[in-house]
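Architecture at a glance
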Amino acid sequence: MAAAVVAAGRACARGALRAAWRGFAPVPVGGSCCSYSSLAWALQTRCSLSAPWTGTVEQYRKSSFFNTLTADQLWKGALAETGVGVKKGRGKKKKKKLRKNLNRGQEIGEGRSGFLWPGLNAPVLQTGKVQEVSQRKKEERERIHSEIIQQRDTFEKKKKIKIKREGGWSGKCWGGVILDPPDPGPNGETYEDFETRVIEVRNVFCMKAKEGRKKSVRALVAVGNGKGAAGFAIGKAGDRTNALRKAKNKAISSLHFIELYQNHTIYHDISVKFKRTKIRMKKQNKGYGLHCHRAIITLCRLIGIKDMYAKVTGSKNLINITRALFRGLTLQETHQQLADQKSLYVVEFREEQGPLPIVVALPQGPVREEPEPEDEVPNTKLEWREVKEAQGMLKSPWAGVRRAAC
C-alpha cells in the first residue's frame, strides 16, 4: 500500500512538470484531474494521496525565495547594506536608496467586492452577537477603493518637501535660519524661551575602507535667550534634519553666561584670536546698533547684545568666528572684577558728564594708595585705519572721482 502511494505521488509530480512546459496539463487522480496553467503554478503545487483512490491538491508557497526570506532579509539585499554591496558603490550614487512601506494602502480583508469579514475588517462581536460575513454598499465600496488608490498614488509620487526658512541671511543660505526650540530634557524641562538659529550647514566627506567617499552633513547651531545665556554646538549626521537636531540639542547642554553692561553692550573693548581668526570688539553707546559680521550679529542677538562694533580679520571660517567670539566674551572682566583685582576705583567718562568721571565700581577690600605702575613702552596694538582716521588722513576712495553729467 505504501509503495503504491509513493508511486502515485511520483507520477503526479512527473506529469505536472512534464506538462507544465506545454502550458497546460491534466493529471488524473481517482477519476479527477489536476490542471496546471504554468510552470510556476506546477512548482507551487504539491500532490498527495490520503487514500488509495482519493487525491488532494494544495498550494505550496515555499518554492520561491520571495516566500522563504523575511522582509528584512529582502530589503537588505535590495539596498546593498552588506559590506560587499556597499563597497561596490564607492560613493558613485548620489541618492541613497531608502526602504519603502509596501503595506501602505493595503488593508487586510478589503477588496473590490467590499465584503466584511469578522475579525479582519469588521468586529467579531457587535451588540453581544457574533457577526456574519456581509457586504458593503456600492457607494461605500467606491469611496474606500478611491481612498486606497489615492494613498498609493501619493506613495509612488515623491514630492520634495520645502522647509519654510525664516530669518535667513539670504535665500539660498542656511545661515541665520530660525529653528524650533530644542527638544525637552530628560526631566521634562522645556526651552520655549530659547531661540535657535543656524550658523552654517556644510557637506563633508570622509574616506572609508569599505564605503569609499562617504558623505555627511555638518551643522553649526547656536541657541540663546537674549538675556546673556547662549551656547553653540556642531552636529553631524547623514542627513540635514538629524544634523540640525543633534546640534541644537547639544548646544542647549553647553550654555555660557555672558555679562552685559546695562543689558545692551559689553563692558570694555576686547581683542581675541582663535587660530587664524582675529576679532576686535568695541563697546558702544545705546542706539549705535550692531556693526559686525553677519554671523556675529546673529550670535549677539541670541546673547542679548544690542550695541557693538566688531571687525574680523584673517580667516572668515564661521566655526572659528563663533569660537573666537564666545572666548572673548567669556573672558571679559566686569567693572567689579576689575576693581577687586586692582584694589582701585573704576571710573568712566561719559559725554553727558563732560570731563567729570563717574565711579562705576568700588573695591570690596581696602583701596590701594600707590598708583598703577605704567610700563615704559606700553603694549598697545594700534590699527592703522584708526590712526589714519584720528589724524584726518582717511579719505573716501570716491573723493577725487569726477562724475560725468547725464
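For the chain, the count of helices and strands is eleven helices and 19 strands. When each of the 406 residues of the chain is scored for burial, the buried share is 27%. Within the chain, contacts between residues separated by at least 24 positions form 45% of all contacts whose residues are at least 6 apart in sequence. For the chain, the accessible area works out to roughly 29500 Å², and carbon and sulfur atoms hold 53% of it.

Attention shifts here to the pattern of salt bridges. Throughout the structure, instances matching the rule amount to five salt bridges. Its salt-bridge partner being Arg 197, residue Glu 195 comes within 2.9 Å of it at the nearest N-O pair. Lys 283 is paired through a salt bridge with Glu 348; the nearest N and O atoms lie 2.7 Å apart. You can see Lys 283 sitting in strand S15 (residues 277-283) and its partner Glu 348 sitting in strand S18 (residues 346-349), a full 65 residues away along the chain.

Before going further, it helps to examine the side chain of Asp 307. Tracing the sequence through the fold places Asp 307 in the loop between helix H8 (294-303) and strand S17 (308-314). For Asp 307, which is buried and forms no salt bridge, the nearest opposite charge comes from Lys 286, at a distance of 7.3 Å. Among the polar contacts made by the side chain of Asp 307, one reaches the main-chain amide nitrogen of Gly 287 at a distance of 3.2 Å. Once residues within four sequence positions are removed from consideration, Asp 307 is found in contact with His 264, Thr 265, Gln 284, Asn 285, Lys 286, Gly 287, Tyr 288, Gly 289 and Leu 290.

Tracing the sequence through the fold places Cys 292 in the loop between strand S16 (290-291) and H8. For Cys 292, a relative accessible area of 17% corresponds to the buried category. Considering only alpha carbons, one finds Cys 292 and Met 308, 16 residues apart in sequence, at a separation of 7.7 Å. Residues within four places of Cys 292 in sequence aside, it is in contact with Ile 297, Met 308, Tyr 309 and Ala 310.

Below, the discussion takes up helix H7 (residues 240-251). The end-to-end C-alpha distance of H7, which contains twelve residues, comes to 16 Å, matching closely the 16 Å that a straight helix rising 1.5 Å per residue would cover. Taken together, the buried positions of H7 are Ala 243, Leu 244, Ala 247, Lys 248 and Ala 251. Projected onto a plane normal to the axis of H7, the buried residues spread over an arc of 120 degrees and lie on a single side. Packing partners of the buried residues in H7 comprise strand S9 (178-179), strand S10 (195-208), strand S11 (212-224), strand S12 (229-237) and strand S13 (255-257).

Where H8 meets helix H9 (residues 318-330), the axes come as close as 10 Å, and the angle between the chain directions of the two elements is 40 degrees. With respect to H9, the axis of H8 lies oblique. For the element pair H8 and H9, the recorded crossing hand is right-handed. Two secondary-structure elements touch here, H8 through Ala 295, Ile 296, Leu 299 and Ile 303 and H9 through Leu 318, Ile 321, Thr 322, Leu 325, Phe 326 and Leu 329.

Let us look at unusual backbone geometry. Positive phi outside glycine occurs at Gln 262, with the angle close to 55 degrees. Tracing the chain through its elements places Gln 262 in the loop between S13 and strand S14 (270-274). If you check the backbone angles, Ser 343 has positive phi at about 60 degrees while not being a glycine. Counting through the fold element by element, Ser 343 comes out in the loop between helix H10 (335-342) and S18.

Another aspect to go through is a positive patch on the surface. A cluster of basic residues, Lys 273, Arg 276, Lys 278 and Lys 381, forms a positive patch at the surface. Looking at the element boundaries, Lys 273 is found in strand S14. Since its relative accessible area comes to 47%, Lys 273 is described here as partly exposed.

Strand order in the open sheet made by the five strands is S9-S10-S11-S12-S13, with antiparallel pairing throughout. Looking at the sheet topology across the chains shown, the edges are occupied by S9 and S13. Across three bridges, S12 lies against S13 in antiparallel orientation. When the sheet's bridge partners are listed, Ala 229 is paired in S13 with Phe 257. Along the sheet, H8 contacts S10, S11 and S12; its crossing angle with S10, the most-contacted strand, is approximately 130 degrees.

Before going further, it helps to examine the sheet that holds S15. In spatial order, the strands read S14-S15-S17-S16; together these four strands make up an open sheet with mixed pairing. Looking along the sheet, the strands with just one partner apiece sit at the ends: S14 and S16. The strands that H9 touches are S14, S15 and S17; relative to S14, the one it contacts most, it runs at about 135 degrees.

Definitions and limits used
- Residues numbered from 1 in each chain as written.
- Predicted model: local features only at pLDDT ≥ 70, side-chain atom pairs only at ≥ 80, totals over all residues.
- Heavy atoms only, no water.
- Helix = DSSP H or I, 4+ residues; strand = E, 2+ residues; numbered from the N terminus.
- Buried < 20%, exposed > 50% of the residue type's maximum accessible area, 1.4 Å probe, protein only.
- Contact = heavy atoms within 4.5 Å.
- Areas by Shrake-Rupley, 256 points an atom, 1.4 Å probe, with all protein chains shown as cover.
- Salt bridge = Lys/Arg side-chain N within 4 Å of Asp/Glu carboxyl O.
- Lys, Arg positive; Asp, Glu negative; His and termini not counted.
- Polar contact = N/O pair within 3.5 Å; in protein donor to acceptor, adjacent residues only side chain to side chain.
- Expected span 1.5 Å × (residues − 1).
- Arc of directions from axis to C-beta.
- Axes fitted to C-alpha atoms, helices over the stretch in contact; angles between N-to-C directions.
- Parallel < 35°, antiparallel > 145°, perpendicular 65-115°, else oblique.
- Left-handed = near helix turned anticlockwise from the far one by under 90°.
- Patch = residues over 30% accessible without salt bridge, like charges linked within 9 Å, V, L, I, M, F, W, Y side chains within 5 Å.
- Charge placed at Lys NZ, Arg CZ, Asp CG, Glu CD.
- Pairing = 2+ DSSP bridges.

On their own, these measurements won't tell you what the molecule is for.
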